[in-house]
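Here is what each chain is made of, one letter per residue.
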Amino acid sequence: MKKLKMTSAEMVARAKDRIEEIETADGIALVNDPDVVFIDIRDIRERQKLGFIPGSVHCPRGMIEFWVDPESPYFKEVFAEDKRFVFHCAAGWRSALTVAMLQDMGFEAAHLKDGFADWVEKGGPVETV
């Protein structure tokens, strides 16, 4: 088996060292804040099966760079709003990598440190389809 230069766990750890992480309880406290937008980067099937944070915006992880870039033909206006953006995935790994990449682009964001699974476990509000 080919040895990688860096494992995915190492990539996540490096990302977490340089981004803003939000504890679950603090995220739950922000759910009704009109100045905060939660961005769900999980696969649409995860969102449909497990539910989602009320008011969250779904953004497929593969489109994030294009949706936040005002010069991209795929730009989404939600990312032009003067809001605080909090990204999340299931466990905080994908969102950590995503927020680090967005930070490199110059887009300010944070992520839920322990993801949607911890949100549910801690009693955060969840909507279903």
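Cut-offs used in this document
- Residues numbered from 1 in each chain as written.
- Predicted model: local features only at pLDDT ≥ 70, side-chain atom pairs only at ≥ 80, totals over all residues.
- Heavy atoms only, no water.
- Helix = DSSP H or I, 4+ residues; strand = E, 2+ residues; numbered from the N terminus.
- Rg over C-alpha atoms; globule rule 2.2 N^0.38 Å.
- Buried < 20%, exposed > 50% of the residue type's maximum accessible area, 1.4 Å probe, protein only.
- Contact = heavy atoms within 4.5 Å.
- Areas by Shrake-Rupley, 256 points an atom, 1.4 Å probe, with all protein chains shown as cover.
- Lys, Arg positive; Asp, Glu negative; His and termini not counted.
- Charge placed at Lys NZ, Arg CZ, Asp CG, Glu CD.
- Axes fitted to C-alpha atoms, helices over the stretch in contact; angles between N-to-C directions.
- Parallel < 35°, antiparallel > 145°, perpendicular 65-115°, else oblique.
- Left-handed = near helix turned anticlockwise from the far one by under 90°.
- Nonpolar A, V, L, I, M, F, W, Y, C, P; charged D, E, K, R; others polar.
- Salt bridge = Lys/Arg side-chain N within 4 Å of Asp/Glu carboxyl O.
- Pairing = 2+ DSSP bridges.

(A) Representation of the overall build of the protein within the structure. In terms of helices and strands, the protein carries 6 helices and 5 strands. Each helix and strand of the protein, placed in order from N terminus to C terminus, yields the pattern α-β-α-β-α-β-α-β-α-β-α. Its C-alpha radius of gyration of 14 Å places the protein within 12% of the 14 Å reference for a compact globule of 129 residues. Across the 129 residues in the protein, those meeting the buried criterion constitute 39%. Sequence-distant contacts in the protein: of pairs separated by 6 or more residues, those separated by 24 or more amount to 63%. Carbon together with sulfur atoms contributes 53% to the accessible area of the protein, which is approximately 7600 Å² in total. Averaging the positions of the 17 positive and the 23 negative side-chain charges in the protein gives two centres separated by 9 Å.

(B) View of the packing of helix α1 (residues 8-16) against helix α5 (residues 93-105). Relative orientation of the contacting elements α1 and α5 amounts to 55°, with a least axis distance of 9 Å. Taken as axis vectors, α1 and α5 run oblique relative to one another. Once α1 is placed against α5, the crossing between them reads as left-handed. Side by side, α1 and α5 meet where Ser8, Ala9, Met11, Val12, Ala15 and Lys16 of the first sit next to Trp93, Ala96, Leu97 and Ala100 of the second. Within the contact of α1 with α5, the residues separate by chemical class into 8 nonpolar, 1 polar and 1 charged.

(C) View of the pattern of salt bridges. Taken as a whole and judged by the stated rule, the model has 9 salt bridges. Two residues, Arg42 and Asp40, come together in a salt bridge whose shortest N-O distance is 2.7 Å. A relative accessible area of 1% means that Arg42 is categorised as buried. Asp118 is paired through a salt bridge with Lys122; the nearest N and O atoms lie 2.8 Å apart. Taken together, the shared-partner salt bridges connect Asp40, Arg42 and Arg47 into one network.

(D) Fine view of the pairing of strand β2 (residues 36-40). Burial analysis of β2 places 5 of its 5 residues in the buried class, which makes it a mostly covered element. Taking every second residue as pointing to the same face, both faces of β2 are buried, with Val36, Phe38 and Asp40 on one and Val37 and Ile39 on the other. Bridging between β2 and strand β4 (residues 84-88) involves 5 bridges; their strand directions are parallel. Residue pairing for β4: Ile39 is matched across the bridge by Phe87. As defined by bridge partners, β2 adjoins strand β3 (residues 57-58) across 2 bridges and the pair is classed as parallel.

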